[in-house]
Amino acid sequence: MAGALFLGQGTARAAGIAASNKVDQQCLACHSTAGMEKELQNGEKLALHVDGAKFAKSVHSMIGCAVCHGTVTLENHPPSKTKIPGLREYSIERTKVCASCHGEVLKLYQGSIHAALVREGNPVAPICTDCHNPHTVMAKAAYDAATGAPCSKCHGSVYDAYAGSVHGKAGLECSNCHRAHDVSPATTGDQLKNACLGCHPDALAAHETWLPNAAQHFETVSCPACHAPGAKRKVDLRLYDNVTKQSVAEKEGVPQFDNWVRSAKVKGGDLDAMALYSLLREFNRDATDNKTTLRGRLELIKGIDAHRLTAKSQAIRDCAKCHQQGADAFQSVTVSIVGPDGRPVRYGAKPEVLHSIVSMDSVSGFYAIGGTRIKLLDWLLVLAVMGGIGAPIGHMTVRWLFKKYAKKISGKEDS
Ligand code: HEC
Ligand code: HEC
Ligand code: HEC
Ligand code: HEC
Ligand code: HEC
Ligand code: HEC
Ligand code: HEC
Ligand code: HEC
Ligand code: HEC
């Protein structure tokens, strides 16, 4: 019977049906006994109960027990001679069988952050059977909008935040943004922004009607920074390679950033402008000047808040929320690099680094968040307020000041 594993799916299915009546029923004669369990080497208990009725309804019933449990036969057990160290080891070992029929899914999964964590030895990162019970798999029923399963099993607090959001209420799944198998790190890369724009293809055009430089805002401000209005924001300065045009990642086995940050220079505090300057020197030591620079991105302090997206009427539209001296978002600053598993490794920096001459001068290609360009805008806004133009100044003044865009904007609104 084990041979069926290596046959095509159709053959496996036919072989499964043939076997399901006789052998499966014998297996279930014992294994449908509630409470049946086996103690493993590390003392954990493996539950041996399989719900026969649920199995009969599942898409896998046609395969038959033996295809997935080739090592266990009516002849060789019980008792079982297989030594099983613990539950996790057992799951990982048994789950290898999925690949023989779902190779495409496995390939996607292997590129995910979850798989990277499993390879690192993370004991709670999901493998196939954490999200799919192999004995009860139903067609097209993996995600349950009412409970957020299977994701909520481990990301319960994210689900709780998400359930009340525009998307949660509309019944969207976590995988609509993150995907189910090739889940990528949430903060690095453009995967999530592209997911938003995939479902909201007219978003850029809609923002251009009121937001000058909308494309630049999409580049440097994360969507939730405006669409989760209650959340706290910060600036993340990412190490960026001007030559490869990519975020800098820690080299395999060489935690350059981590080592540097741990070094005496920055012991016990946030990076100041001088420290940032020498960090960049460190990264440019063996390269042409300013190969490595910093790129700013306005984002949320807590990733979980990215799940509290509200209706558009509540989104942040007030320019002064950001373009104002001392705006909240610029009071919290981190410096980051892409870590070995693709997630960012962050370190705190003093807010002054955004304005300091030292860091401005040392960092060419800096997006100037909170720097001179924003300062200019701040001053113009302040002057406008003092001039008594009143509430709509955010829009009016800026339109007037940024002649470059003014024509475009009024052209649109007039029509
Ligand atoms: C006579 C009752 C009985 C029958 C029939 C039976 N099992 Fe078991 N099974 C057990 C018991 C008892 C254990 C625990 C064995 C031990 O710890 O020594 C077990 C353990 C297992 C395990 C977990 C441990 C391991 O070695 O992987 C699997 C999987 C399993 N059985 C599958 C099957 C399948 C598939 C069939 C049908 C081909 C089957 N069993 C038929 C009683 C039975
Ligand atoms: C599609 C493949 C597949 C089929 C079909 C299948 N199993 Fe399993 N089974 C698995 C995997 C994978 C695990 C390990 C689950 C985990 O990660 O804990 C498992 C675990 C078990 C266990 C250990 C206890 C547990 O639930 O983890 C028993 C007992 C078992 N199976 C019995 C059966 C019996 C009896 C049948 C037929 C009625 C059957 N299996 C059909 C894949 C399968
Ligand atoms: C012997 C082949 C075989 C093995 C091994 C196997 N599956 Fe399946 N699986 C199938 C078949 C056949 C279907 C029915 C749907 C189809 O035709 O693709 C299916 C369906 C599924 C579905 C539901 C697809 C849907 O329509 O939503 C999931 C989820 C799934 N399998 C997960 C697993 C997991 C997890 C494992 C490993 C524990 C596994 N499978 C092992 C053959 C297999
Ligand atoms: C983190 C949870 C998670 C893990 C891990 C996971 N899946 Fe899935 N899987 C899902 C969800 C959710 C769906 C439902 C489809 C969707 O929402 O896009 C799904 C759908 C499927 C389907 C049917 C649809 C399709 O894409 O073909 C198969 C087959 C499947 N999974 C097999 C597997 C196998 C095999 C593994 C291990 C290599 C695996 N899954 C790992 C969550 C997971
Ligand atoms: C068995 C537990 C488990 C399940 C189920 C699970 N995850 Fe995860 N996931 C983790 C762990 C552990 C991490 C590592 C980061 C952490 O601890 O939050 C992680 C990380 C992530 C990340 C990256 C976070 C970051 O910092 O960039 C995303 C996105 C994610 N999961 C989405 C999902 C989605 C979507 C599902 C359902 C389809 C899911 N997870 C199901 C355990 C799980
Ligand atoms: C509408 C799109 C969308 C949906 C749906 C969604 N997320 Fe997210 N998720 C995001 C965004 C955007 C981020 C943050 C990206 C960033 O840091 O800039 C994120 C971040 C995360 C993180 C990392 C959190 C951290 O602490 O950094 C996890 C884990 C995660 N999501 C899991 C889930 C789970 C589980 C679900 C379903 C309950 C879900 N997401 C639904 C868009 C979504
Ligand atoms: C600077 C703040 C800001 C940023 C950044 C931002 N938005 Fe918006 N967005 C808004 C505001 C304010 C509205 C409501 C405009 C209105 O009154 O119609 C809106 C409206 C929307 C709408 C509804 C559009 C419609 O057709 O009415 C969608 C969808 C949307 N945004 C998606 C996004 C996505 C996706 C991103 C990231 C790529 C993003 N937003 C970035 C502030 C922002
Ligand atoms: C799978 C498709 C899908 C993805 C991916 C998606 N959305 Fe949505 N979005 C929807 C649907 C459906 C609604 C609710 C329908 C509605 O009210 O217009 C919605 C509603 C919204 C609204 C409220 C619009 C209003 O009229 O009040 C905003 C803002 C929004 N989404 C932004 C985003 C952002 C930001 C992302 C990425 C983090 C994103 N969406 C990802 C489908 C999607
Ligand atoms: C959530 C914060 C936020 C909001 C709200 C916001 N902006 Fe911005 N804006 C930014 C950031 C960050 C940049 C990028 C600064 C840079 O690259 O130097 C930027 C850039 C700009 C630029 C380009 C500056 C340059 O020199 O390239 C203009 C013009 C601008 N914003 C105008 C506005 C106007 C007008 C509004 C209100 C309708 C607004 N912004 C709302 C954060 C915001």
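Residues numbered from 1 in each chain as written. Chains lettered and ligands numbered in written order. Predicted model: local features only at pLDDT ≥ 70, side-chain atom pairs only at ≥ 80, totals over all residues. Heavy atoms only, no water.

K.L.:
What is the right way to look at the site of ligand 5 in this model?
P.N.:
In the neighbourhood of ligand 5, 17 residues make up the surrounding shell, with His114, Cys151, Cys154, His155 and Ala186 lying closest. Between His114 and ligand 5, the recorded distance is 2.8 Å, taken from a side-chain N or O atom to a nitrogen atom. Take Ala186: an N or O atom from its main chain is 2.8 Å from an oxygen atom of ligand 5. Of the residues that constitute the shell around ligand 5, the class distribution is eleven nonpolar, four polar and two charged. Two domains each provide a minimum of three residues to the shell around ligand 5, namely domain 1 (2-131) and domain 2 (143-183). (Near = heavy atom within 4 Å. Polar contact = N/O pair within 3.5 Å; in protein donor to acceptor, adjacent residues only side chain to side chain. Nonpolar A, V, L, I, M, F, W, Y, C, P; charged D, E, K, R; others polar. Domains from an automatic or database assignment.)

K.L.:
Explain the packing of aromatic side chains to me, please; I cannot follow it from the model alone.
P.N.:
For any pair of aromatic rings, the description rests on two quantities: the centre-to-centre distance and the angle between the ring planes. Following the criterion strictly, the structure yields zero aromatic pairs and no others. The ring of Tyr240 is capped by Arg295, whose NZ or CZ atom sits 4.1 Å from the centre of that ring. (Phe/Tyr/Trp six-rings, centres within 6.5 Å; stacked < 30°, edge-to-face > 60°. Lys NZ or Arg CZ within 6 Å of the ring centre and 35° of its normal.)

K.L.:
So what exactly am I meant to see when it comes to the coordination of the iron atom of ligand 3 here?
P.N.:
Six octahedral donors around a metal ideally sit at 90 or 180 degrees from one another, while four tetrahedral donors ideally sit at 109.5 degrees. Distances from the iron atom of ligand 3 to its protein donors, namely His60 (NE2) and His102 (NE2), fall within the range 2.0 Å. One can describe the donor arrangement at the iron atom of ligand 3 as octahedral, given that its six donor atoms subtend angles of 87 to 178 degrees at the metal. With His60 in the loop between helix H2 (52-57) and helix H3 (65-68) and His102 in the loop between helix H4 (87-95) and helix H5 (103-110), this pair connects stretches of sequence that are 42 residues apart. Relative accessible area serves as the criterion here: at 40%, His102 is assigned to the partly exposed category. (Donors = N, O, S within 2.8 Å, 3.2 Å for Na, K, Ca; no water. Tetrahedral: all angles 85-135°; square planar, octahedral: opposite > 155°, others 65-115°. Helix = DSSP H or I, 4+ residues; strand = E, 2+ residues; numbered from the N terminus. Buried < 20%, exposed > 50% of the residue type's maximum accessible area, 1.4 Å probe, protein only.)

K.L.:
How should the pattern of salt bridges be read in this particular structure?
P.N.:
Proximity of charged atoms lets side chains of opposite charge pair with each other. A full pass over the atoms with the stated rule returns eleven salt bridges. The partner of Glu299 in a salt bridge is Lys234, with the nearest N and O atoms 3.7 Å apart. Taken together, the positions of Glu299 in strand S5 (residues 292-300) and Lys234 in strand S3 (residues 233-241) put the pair 65 residues apart, joining distant regions of the chain. Take Glu299: its relative accessible area is 3%, and that puts it in the buried class. Given the relative accessible area of 4%, Lys234 is considered buried. Residue Asp305 is joined to Arg308 by a salt bridge in which the shortest nitrogen-to-oxygen separation is 2.9 Å. We classify Asp305 as buried; its relative accessible area is 12%. One network of salt bridges, in which partners are shared, links Lys234, Asp236, Arg238, Arg297, Glu299 and Arg346. (Salt bridge = Lys/Arg side-chain N within 4 Å of Asp/Glu carboxyl O.)

K.L.:
Before we go on, may I ask you to explain the environment of Ile304 in this structure?
P.N.:
Within the secondary structure, Ile304 is located in the loop between S5 and strand S6 (333-338). Residue classification places Ile304 among the partly exposed residues on the basis of a relative accessible area of 23%. Ignoring sequence-local partners within four residues, the contact set of Ile304 consists of Ser157, Val158 and Ala161. (Contact = heavy atoms within 4.5 Å.)

Geometric values such as these leave the question of function open.
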